[in-house]
Each structure stands twice: as structure tokens, then as C-alpha cells.
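Summary of the model geometry
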Amino acid sequence: MNQTRFIALLGMIFLAGCQPSSKTETGYTLLQGATLYDGNGNSISQSKILIKDDRIEALGGPEMETPKKRRYH
């Protein structure tokens, strides 16, 4: 339950400043370069948030693999 709330809050914070964009062929959007905080005092520098079809699909650090076709933000 706490993880669900955290992900929802995280999504609202990161997406609040994003401009609406047209979808790529695959429907992926990649937000990258921000510091991601997990609510327990831990953080990930240069994080990546992968969104597909308006849903957060993956969260990770700079080493996280992402699809070849995506829209960067």
C-alpha cells in the first residue's frame, strides 16, 4: 500500500511540469536526469522513469535499460 502511494505521488510530482506530447510509435516516454527519492531516505541520482501508455512501467538508475524507440524528456 505504501509503495502504491509513493509511486502515485512520485508520478504526480514528475509529471506535473511536463508538457503533453504526442506518443511515439511504441507509446514509451522516458523522463531522465532527476534525483529520485523513495520516501525512506534513499535516493537515485540521474534516475530514469519509463512511461508506457500513461502508466509508469519502470523506475531505475542510469544503468536501467530502456526501449530503443522512446520520447525523451
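The paragraphs below set out a description of the structure included in this document. (Residues numbered from 1 in each chain as written. Predicted model: local features only at pLDDT ≥ 70, side-chain atom pairs only at ≥ 80, totals over all residues. Heavy atoms only, no water.)

**Considering unusual backbone geometry**
Positive phi outside glycine occurs at Q46, with the angle close to 55 degrees. For Q46, the position within the fold is in the loop between β3 (43-44) and β4 (48-52). When its relative accessible area of 49% is taken as the criterion, Q46 is described as partly exposed. Despite not being glycine, D53 shows a phi value in the positive range, around 50 degrees. Relative to the helices and strands, D53 is located in the loop between β4 and β5 (55-60). Under the relative-accessibility criterion, D53 is labelled partly exposed at 46%. (Helix = DSSP H or I, 4+ residues; strand = E, 2+ residues; numbered from the N terminus. Buried < 20%, exposed > 50% of the residue type's maximum accessible area, 1.4 Å probe, protein only.)

**Things to note about the pairing of β5**
Two elements, β4 and β5, share five bridges in a ladder whose sense is antiparallel. Across the sheet, residue I49 finds its bridge partner in β5, namely L59. Hairpin connection of β4 to β5: two residues between the antiparallel strands, including D53 at a positive phi of 50 degrees. (Pairing = 2+ DSSP bridges.)

**Structural notes on the side chain of S47**
With respect to the helices and strands, the residue S47 is situated in the loop between β3 and β4. What makes S47 buried here is its relative accessible area of 2%. Reaching out from S47, the side chain makes a polar contact with the backbone oxygen of A34 at a distance of 2.8 Å. Discounting residues that sit within four places of it in the chain, S47 has contacts with L31, Q32, G33, A34, T35, L36, G60 and G61. (Polar contact = N/O pair within 3.5 Å; in protein donor to acceptor, adjacent residues only side chain to side chain. Contact = heavy atoms within 4.5 Å.)

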